Amino acid sequence: MHVDEVGHGAEILLRLGLHPGQELILMRLFDRDGQTQAESQQAVGLDHSTVSRSIRRM
């Protein structure tokens, strides 16, 4: 992926009120609603504090 495309993706997320990485959590919840925070954290491969902070921001 080209650097400009990555920057454009981050810009779109920010316009939607999301920070980069939060879309991963949302997509996982869309695929499998009702999972715990620990399950989401394992599925997206991020550490606990990152997932916790991302969820709190949403």
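Structure: see above.
Summarised in this report is the structure supplied together with it. (Residues numbered from 1 in each chain as written. Predicted model: local features only at pLDDT ≥ 70, side-chain atom pairs only at ≥ 80, totals over all residues. Heavy atoms only, no water.)

A look at the side chain of Ser 54
Argument step 1. Inspection of the secondary structure puts Ser 54 in helix H4 (residues 48–57).
Argument step 2. Judged by its relative accessible area of 9%, Ser 54 is buried. (Helix = DSSP H or I, 4+ residues; strand = E, 2+ residues; numbered from the N terminus. Buried < 20%, exposed > 50% of the residue type's maximum accessible area, 1.4 Å probe, protein only.)

What about the packing of helix H2 (residues 22–31) against helix H3 (residues 37–44)?
Argument step 1. Their axes nearest at 10 Å, the elements H2 and H3 cross at an angle of 115 degrees. With respect to their mutual orientation, H2 and H3 come out roughly perpendicular. Seen from above, H2 lies across H3 with right-handed handedness. When H2 is examined against H3, the residues Leu 24, Ile 25, Arg 28 and Leu 29 are found in contact with a partner set consisting of Ser 40, Ala 43 and Val 44.
Argument step 2. In terms of residue class, the contact of H2 with H3 is made up of five nonpolar, one polar and one charged. (Axes fitted to C-alpha atoms, helices over the stretch in contact; angles between N-to-C directions. Parallel < 35°, antiparallel > 145°, perpendicular 65-115°, else oblique. Left-handed = near helix turned anticlockwise from the far one by under 90°. Contact = heavy atoms within 4.5 Å. Nonpolar A, V, L, I, M, F, W, Y, C, P; charged D, E, K, R; others polar.)

Comments concerning a nonpolar patch on the surface
Argument step 1. A cluster of nonpolar side chains, Leu 26, Ile 55 and Met 58, forms an exposed patch at the surface whose accessible area comes to about 240 Å².
Argument step 2. Its location among the elements puts Met 58 in the segment after H4.
Argument step 3. Taking relative accessible area as the criterion, Met 58 reaches 42% and is therefore assigned partly exposed. (Patch = residues over 30% accessible without salt bridge, like charges linked within 9 Å, V, L, I, M, F, W, Y side chains within 5 Å. Areas by Shrake-Rupley, 256 points an atom, 1.4 Å probe, with all protein chains shown as cover. Salt bridge = Lys/Arg side-chain N within 4 Å of Asp/Glu carboxyl O.)

Brief notes about the pattern of salt bridges
Argument step 1. Enumeration according to the criterion identifies two salt bridges in this entry.
Argument step 2. One salt bridge connects Arg 15 with Glu 11, and the closest N-O pair in it is separated by 2.8 Å. Placement of the pair is Arg 15 and Glu 11 together in helix H1 (residues 3–15), with a separation of four residues, close to one helical turn.
Argument step 3. Given the relative accessible area of 59%, Arg 15 is considered exposed.
Argument step 4. For Glu 11, a relative accessible area of 42% translates into the label partly exposed.
Argument step 5. A salt bridge links Glu 39 to Arg 32, with the nearest nitrogen and oxygen atoms 3.5 Å apart.
Argument step 6. A relative accessible area of 28% means that Glu 39 is categorised as partly exposed.

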